Amino acid sequence: MSLLTGGLTIWSLGQSPAEAATPAAPKAAAAKATDDFNGDGYADLVVGAPGATVSGKKKAGYVAVAYGSKNGLDPAHKKVISRSTDGVPGLAATKQEFGRSFTKGDLDGDGYTDLVIGTGWRDAGSVIMWGSASGLTTGTKINTYGHAPQAGDFDGDGKTDLALFATVTSHGDDPVDQRANLWKGPISRTAKPTATLDFMDKSQWWGYGDDGRNCSPEPGKPESCIDGPRSVKGPVVPKAVGDINGDGRADIAMNDYYGDGSWGNRVLYGSPTGFKRGDAVGSDGALALGDVNGDHYADLVVGDSDYESRVMVAYGSKDGLKLGEGQVQKFNQDLPGVPGAEEDGDGFGASVAVGDVNRDGFADIAVGVPGEDVGRISDAGSVVLVRGSAAGVTGTGAQAFQQDTPGIPGVGEKNDAFGAATALLDVTGDGRADLAASSVNENASAGALWSLRGTSTGLTAKKSVAFGPKDLSAPSVAALFGSALR
């Protein structure tokens, strides 16, 4: 398969030479602080390539950062980060899958967003890459705890904290115990937290004894669940952070293993005394958080593609997620106004992302449909955008995009699975979320990324951008570029 044959030019970006030379205009709105590594007001996109061979090590992995600008993403303005990159601690290792997961946040409080990069099944720890006026600079290693790190103000003190999870490879008959750490921010450049907090609130402890507590105090030390042995019942796969109950503290939505081959979803609600566990909907899958109905509570969006090929929305409230009868909204491609038709194998909801594309105050949902057939091309893939409203999700004004949509670079081919991962963030600085969508199957699993701009009327293919690893001068063979986006 072939997406592009070389680097992108101003012509392939949809700009004339005059447009490319135009000085940057004042930005209508700055990017969220959690998305901006160099403080220029534009969100920066992180792309994971965990399958890449680095320094001869298969599946060592890397991440690529494409910096935002007035004209959107430009593959020439990027940074490729692996464990063979100067200033990044550690060594590239086979099957480490560096970049399988990552999170963003201003950990040291200097006004620049930092990037925490996790690993795959091999628990080789995490790496913090520090933001600056010139973008991401050097890195600091966090020993172990490399499984899907999450940044957010979990205790509500106005500082960014870091939740760290150990890798668990066992998925047997019973839930297993998963070590975790909760670091209180700010965090120093030597990877030292201000304090290490109880991961779970004491009311949530369970474990060895009849008293329900799972942490035994060491002699002369207070009782603590700092890092286990049973900090989290899991294994869990954290997926999204947002304030569901409006208490000013970030919460984590996650996939949770129940045992006996069964998965579901949970929420860890932030508090000053550690996380408190809450219920969610769905049987695992893609998760995202955002305010779909504009009531200032984050709503949980669940892609349930493995079982029902649908998306569910559980709405936030002061008491947490509303999960009562009739309170969870469920939809698929049969929602009136949504382009296309519901078919077996579409994978509607394989990826989900939440952001306000048209700046109307309601978050919209980008839904990946990587199994969508486009014409006679099977599994070419699609991305559907549905709108948020005061009444929740609506099919009115919904849009669908494929590689064959006029204005989008490339050509849809069999098994491309366009829409395998999605993200919505404001890379142009105009206050509207822009779409990033990937195909990890493109070019023999090298992978590729597309960026479409948000406008007052929704997404547009005009001036859309596409690039793959070769355009970034990055490893491309079976890289799975675009496995994760943020």
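Rules of the game
- Just so you know, the residues in each chain are numbered from 1, in the order the chain's sequence is written.
- Only residues with pLDDT of at least 70 get local features here, since the model is predicted, and only at 80 or more are side-chain atom pairs given and counted; chain-wide, interface and lining totals rely on the full set of residues.
- Derived side-chain values reflect all non-hydrogen atoms in the structure, with water molecules and hydrogen atoms excluded from consideration.
- The quantity called pLDDT is the predictor's confidence in a given residue, expressed from 0 to 100.
- Note on contacts: a residue pair is in contact if any heavy atoms of the two residues lie within 4.5 Å.
- The helix count covers DSSP runs of H or I at least four residues long, the strand count covers runs of E at least two residues long, and both are numbered beginning at the N terminus.
- Classification of residues uses two cut-offs on accessible area relative to the type maximum, computed with a 1.4 Å probe and protein chains only: under 20% is buried, over 50% is exposed, and between them is partly exposed.
- Buried Ala, Val, Leu, Ile, Met, Phe, Trp, Tyr and Cys residues that are joined via side-chain atoms within 4.5 Å together make up what is termed a nonpolar core.
- Basic side-chain nitrogens of Lys or Arg form a salt bridge, by our definition, when they fall within 4 Å of a carboxyl oxygen of Asp or Glu.

Time to look at the confidence of the model for the protein chain. Overall, the prediction assigns the protein chain a mean pLDDT of 86, with 84% of residues at 70 or greater. Scored below 50 in pLDDT, residues 1–31 makes 68 contacts in the model with residues more than four places away or belonging to other chains. Here residues 207–230 is modelled with pLDDT under 50, and outside its nearest four sequence neighbours on either side it reaches 48 contacts, counting other chains as well.

Another aspect to go through is the environment of glycine 316. With respect to the helices and strands, glycine 316 occurs in the loop between strand E20 (311–314) and strand E21 (329–331). Residue classification places glycine 316 among the buried positions, given a relative accessible area of 0%. Along the backbone, glycine 316 and histidine 296 are 20 residues apart, and their C-alpha atoms lie at a distance of 8.6 Å. Ignoring any residue separated from it by four or fewer positions in sequence, one finds glycine 316 in contact with Ile244, Asp295, Tyr297, Ala298, Asp299, Leu321 and Lys322.

This paragraph deals with the nonpolar core. Within the largest apolar cluster, 25 residues are counted, with the highest numbers of intra-cluster contacts made by Leu45, Tyr62, Leu73, Leu449, Phe467, Phe481 and Leu485. Counting residues per element, the ones that place at least two in this core are strand E1 (45–49), strand E2 (62–66), strand E26 (421–425) and strand E29 (458–467). Membership of the second largest hydrophobic core comes to 21 residues, among which are Ala288, Phe331, Ile365 and Val393.

Pairing is possible between side chains that carry opposite charge, provided their charged atoms lie close to one another. Across all of its chains, the model carries 13 salt bridges by this definition. The shortest N-O distance in the salt bridge between arginine 100 and glutamate 97 comes to 3.0 Å. Glutamate 97 sits in the buried class, given a relative accessible area of 10%. A salt bridge links arginine 277 to aspartate 256; the shortest N-O distance between them is 3.0 Å. One end of the pair, arginine 277, is in strand E17 (residues 276–279); the other, aspartate 256, is in strand E15 (residues 251–259), with 21 residues separating them in the sequence. Look at arginine 277 and you get partly exposed, because its relative accessible area is 23%. On the accessibility criterion, aspartate 256 (3% relative accessible area) is buried. The structure contains a network of salt bridges with shared partners spanning Asp256, Arg266, Arg277 and Asp279.

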